[in-house]
Structure formats: structure tokens, C-alpha cells
Amino acid sequence: MALSNDELKRYARQMGLPHWGRNGQERLRAASVFIAGAGGLGSAAALYLAAAGAGRITLCDPDTVELSNLNRQVLYSTSDVGREKVTAASERLASLNPAAAIVPLSERIDTSSAPDLIAGHDIAIDCLDTLEARFILNRACMALDVPVIYAAVSGFTGQLSFIHPPATPCLECFIPHKNPTEKPQVPGCTTGIMGSLQAAEAIKYLTGIGSTLASCLLIVESMEPRFDILEIERDPDCPACGNQAA
Amino acid sequence: MIIYLRSGGKLHDLLKPDVDQYTRRVETHEGATLVEILGELGIPLVMVAFAFVDGKVRKLDYVPTDGDVITIQSPVAGG
């Protein structure tokens, strides 16, 4: 179906970008995005993907909004405290772009639920807050051949990569099984930067423009400030995708 | 031999930078792994996820060479 007049107006300031055009916009409208985690990263990623015209956005998070979330989780307002995150987020995203189909899932991602939750999506955005859940998402997406845009934050530090094995390393090739020693302090500017970059990676992949951070790890140290783009390689001994992986 | 360790974030204070705000000069012996070097500096390995050198991610069994500038990164998982 061709873009409507309203859509042409709404997206006029992005469709003129090189190689985006009507074709890119239609591809974005036809896309289905799975956002794992509706916290700080998920807030920024979801807002920019909905605004850009992603057709279907599934938001998966079992939590309710807490007052301490509001320094960085910009999907929510003070009046949302105590509500299910995915319900409040769906309302906010629908109000931003009524054409986007928002699917709220108030569920925790675990080994048994992940494949069914993720199946049918074109891409997954990893906005989770534990390594355990991230590794579950990594393995489920690998099995389903769904690319993942990984980001993680702590303080003024952020990491980002585009993961789609076997063309790229998987998450467990370069992130060791080491948990941070404490719940991180995170200012909203860090999740805003990294969640926005996740949206940018998704938009590039879904519209077919530009290059992604495949086989690269972006490290953002806003405190210094410093941005590094590092090469990452598949690990033949990776427990998830290596030679000995189950 | 001399190597340079860099870090921001949570490792910054543990590293005790002396070259500039983020870098410490470290004298070590050839063949030492990053695990050994970090151990000698009293930096808990649980607080270091990986390192990078010349734009490549390295695991902690990496053996530095003279003059390497090695950035160490703490585990990051927040969302």
C-alpha cells in the first residue's frame, strides 16, 4: 500500500535523506521490531522508532514504573508511577504516532518464553538490564536468525553493537560471563545517547541504508569524552556460537 | 618494558592514573598477561570485562608488548 498524504507529510524531513525515500519508508512501515526492556534504553529506542514510522513495535517488560526510573526512562511521566511500563509506554507511543501498531507484553524474557516472544520480528533491540537476560535473548535470536542491536550502559559509559551471527560475533563472543558488581548509576543522557543509536542501527538495517556496527563494538565514554569503534571477532570457543556450542 | 593502561568509568579510581587523567604508566616484564599485570596492580579481575588495544577487543589473557596502550573496560549491563 502506498504511503498516505499524512504519512508523506509526517516523514517529509527524513524521506529526503539519500537512499531513504518512499521505498525506505515503506520498508520501515512493514517492519516488526521487538524491544526487550522498556527502561532507559528502551524508552529512547522506542520513541525514535515510533516517530520514524516503524510499523509494529513489540515492547516486552514485566515491571511497573517507579519514581527512581524517571531520571532516564523518558517514556513515562510522574503520573505513570505504579502502572505497568508496557501499558504506559504503549499509550505514549500511540499518541506520538497513531499509525504504529504497539504490542505490549508484560512478560519476563526467559529461556522458555524467549523463542515464542521474538518469533515473527525482523529485528530485536536489546535494552535489558542483566547479563543473564541478554544472553538468553542472544541465543534465542541466533536460533531464529533475528539480528539484535545490543546496548548496555553504566554511568557515562555505553556499549553498542549489531549482532547477527554467523556474519558477526554473537554477544557471548566478546562479553564475558561477569556481572557488574552493583546496580549501576545511570544518568538519562547516557541511555538517551545509546538508545538513540540503537534506533539508528535498526532504521539503517530495516530501510537498507548505510552501514551497521556489524562486527564492531562502539564504546562511548561521555565523561572524557571519547568514542571508540573496535573490531570484534567470532570466538571459536564461544559457549553460544563456537565449535563446541550445543 | 613499559605499557600504558587507560580507563574511565568505574575502574578510573582503582587504576590511579599518573600520565594524564585516564592513563597509568606501568613497568612490567615481557610475557606477562593482562591478568598478571592487573593482579600486580591490585585491580580485581571481576571488575574488568575486557581490554582493547589498537582498535581490537582483547581478552584478559592478552600478552602486551612494549609501548602498548591498553584500555580496560568494566562489565556493563545496565539498560
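Residues numbered from 1 in each chain as written. Chains lettered and ligands numbered in written order. Predicted model: local features only at pLDDT ≥ 70, side-chain atom pairs only at ≥ 80, totals over all residues.

Undergrad: Account for the overall build of chain B, with residues named and values stated.
TA: Helix and strand content of chain B: two helices and five strands. In chain B, the succession of helices and strands from N to C terminus is β-α-β-α-β-β-β. In terms of overall dimensions, chain B is globule-like: its C-alpha atoms have a radius of gyration of 12 Å, near the 12 Å expected for 79 residues. Dimensions along the principal axes, computed over C-alpha positions, put chain B at roughly 40 × 25 × 25 Å. Expressed as a percentage of its 79 residues, the buried residues of chain B come to 41%. (Helix = DSSP H or I, 4+ residues; strand = E, 2+ residues; numbered from the N terminus. Rg over C-alpha atoms; globule rule 2.2 N^0.38 Å. Buried ≥ 20, exposed ≤ 12 C-beta atoms within 10 Å, placed from the backbone.)

Undergrad: Explain the overall build of chain A residue by residue, including any values.
TA: Broken down by element type, chain A carries nine helices and eight strands. A compact globule built from 246 residues should have a C-alpha radius of gyration of about 18 Å, and chain A, at 17 Å, falls within 12% of that. Overall, the C-alpha framework of chain A stretches about 55 × 40 × 40 Å when taken along its three principal axes. Burial analysis of chain A (246 residues in total) assigns 50% to the buried set. A separation of at least 24 residues holds for 68% of the contacts in chain A among residues at least 6 apart in sequence. (Contact = placed C-beta atoms within 7 Å.)

Undergrad: Break down the packing of helix 4 (residues 40-52) of chain A against helix 9 (residues 188-207) of chain A for me, with residues and values.
TA: Residues and elements named next belong to chain A. Direction vectors running N to C along helix 4 and helix 9 enclose 40°, while the axes themselves pass 7 Å from each other. As far as their axial angle goes, helix 9 and helix 4 are oblique. As helix 4 packs across helix 9, the resulting crossing turns out to be right-handed. Contacts from Gly 40, Leu 41, Gly 42, Ser 43, Ala 44, Ala 45, Tyr 48, Leu 49 and Ala 52 of helix 4 reach helix 9 at Gly 188, Thr 191, Gly 192, Met 194, Gly 195, Ser 196, Gln 198, Ala 199, Ala 202 and Ile 203. Among the residues making up the contact of helix 4 with helix 9, the classes are represented as 10 nonpolar, nine polar and no charged. (Axes fitted to C-alpha atoms, helices over the stretch in contact; angles between N-to-C directions. Parallel < 35°, antiparallel > 145°, perpendicular 65-115°, else oblique. Left-handed = near helix turned anticlockwise from the far one by under 90°. Nonpolar A, V, L, I, M, F, W, Y, C, P; charged D, E, K, R; others polar.)

Undergrad: Tell me about the interface of chain B and chain A, and name the residues and values.
TA: Much of the literature gives interface size as the accessible area that the parts lose upon coming together. Taken together, the contact between chain B and chain A spans 18 residues of the former and 35 residues of the latter. A per-class count over the side of chain B that touches chain A returns 10 nonpolar, six polar and two charged.

Undergrad: If you had to explain the packing of helix 3 (residues 21-29) of chain A against helix 9 of chain A to someone new, which residues and values would you point to?
TA: How two helices pack is summed up by the angle between their axes together with the distance between the axes. All names here are of chain A. Interaxial distance between helix 3 and helix 9 falls to 8 Å at its minimum, and their mutual angle equals 110°. In terms of their interaxial angle, helix 3 and helix 9 are classed as roughly perpendicular. Counted together, Gly 24, Arg 27 and Leu 28 of helix 3 and Ile 203, Leu 206 and Thr 207 of helix 9 form the full contact between these two elements. Grouping the constituent residues of the contact of helix 3 with helix 9 by class yields three nonpolar, two polar and one charged.

Undergrad: I'd like a description of helix 3 of chain A, backed by residues and values.
TA: Residues and elements named next belong to chain A. Among all positions in helix 3, only Gly 24, Gln 25, Arg 27 and Leu 28 are buried. Angular distribution of buried residues about the axis of helix 3 spans 160°; they occupy a single face of the element. Those residues of helix 3 that are buried lie in contact with helix 2 (12-15), helix 4 and helix 9. (Arc of directions from axis to C-beta.)

Undergrad: Report on helix 5 (residues 85-96) of chain A, specifying residues and quantitative values.
TA: All names here are of chain A. The end-to-end C-alpha distance of helix 5, which contains 12 residues, comes to 16 Å, matching closely the 16 Å that a straight helix rising 1.5 Å per residue would cover. For helix 5, the complete set of buried residues consists of Lys 85, Val 86, Ala 88, Ala 89, Ser 90 and Leu 93. Where helix 5 is buried, its residues meet helix 4, strand 2 (56-60) and strand 3 (101-105). (Expected span 1.5 Å × (residues − 1).)

Undergrad: Now, about the pairing of strand 8 (residues 226-231) of chain A: what can you tell me, with residues and values included?
TA: In this sheet, strand 8 of chain A lies alongside strand 7 (residues 216-221) of chain A in antiparallel orientation, the contact comprising six bridges. Note that in strand 8 of chain A the partner of Val220(A) across the bridge is Phe227(A). (Pairing = 2+ DSSP bridges.)

Undergrad: Break down the nonpolar core for me, citing the residues and quoting the values.
TA: Formed by 93 residues in total, the largest nonpolar core has its most connected members in Ile35(A), Ala46(A), Leu49(A) and Ile57(A). In contact with Ile57(A), other than residues within four places in its own chain, are Val33(A), Ile35(A), Ala46(A), Leu49(A), Ala50(A), Leu93(A), Ala100(A) and Ile102(A). (Core = buried A, V, L, I, M, F, W, Y, C linked by C-beta atoms within 7 Å.)

Undergrad: Describe the environment of Gly9(B), with residues and values.
TA: Tracing the backbone shows Gly9(B) in the loop between strand 1 (2-6) and helix 1 (12-15). As for Gly9(B) and Pro75(B), which are separated by 66 residues in sequence, their C-alpha atoms are 10 Å apart. When neighbours within four sequence positions are excluded, Gly9(B) is seen to be in contact with Ser154(A), Gly155(A), Thr157(A), Glu221(A) and Ser74(B).

Undergrad: Got a sec to walk through unusual backbone geometry? Specific residues and values, please.
TA: Residues and elements named next belong to chain A. Residue Pro 166 follows Pro 165 across a cis peptide bond; omega there is 5°. In this structure, Pro 166 sits in the loop between strand 6 (157-163) and helix 8 (171-174). The amide bond that connects Glu 224 to the next residue, Pro 225, takes the cis arrangement and shows omega of -10°. The phi dihedral of Asp 145 falls on the positive side, at around 60°, and the residue is not glycine. Tracing the sequence through the fold places Asp 145 in the loop between helix 7 (131-144) and strand 5 (148-154). For Asp 145, a count of 9 C-beta atoms within 10 Å corresponds to the exposed category.

Any functional reading would require information beyond the geometric quantities listed.
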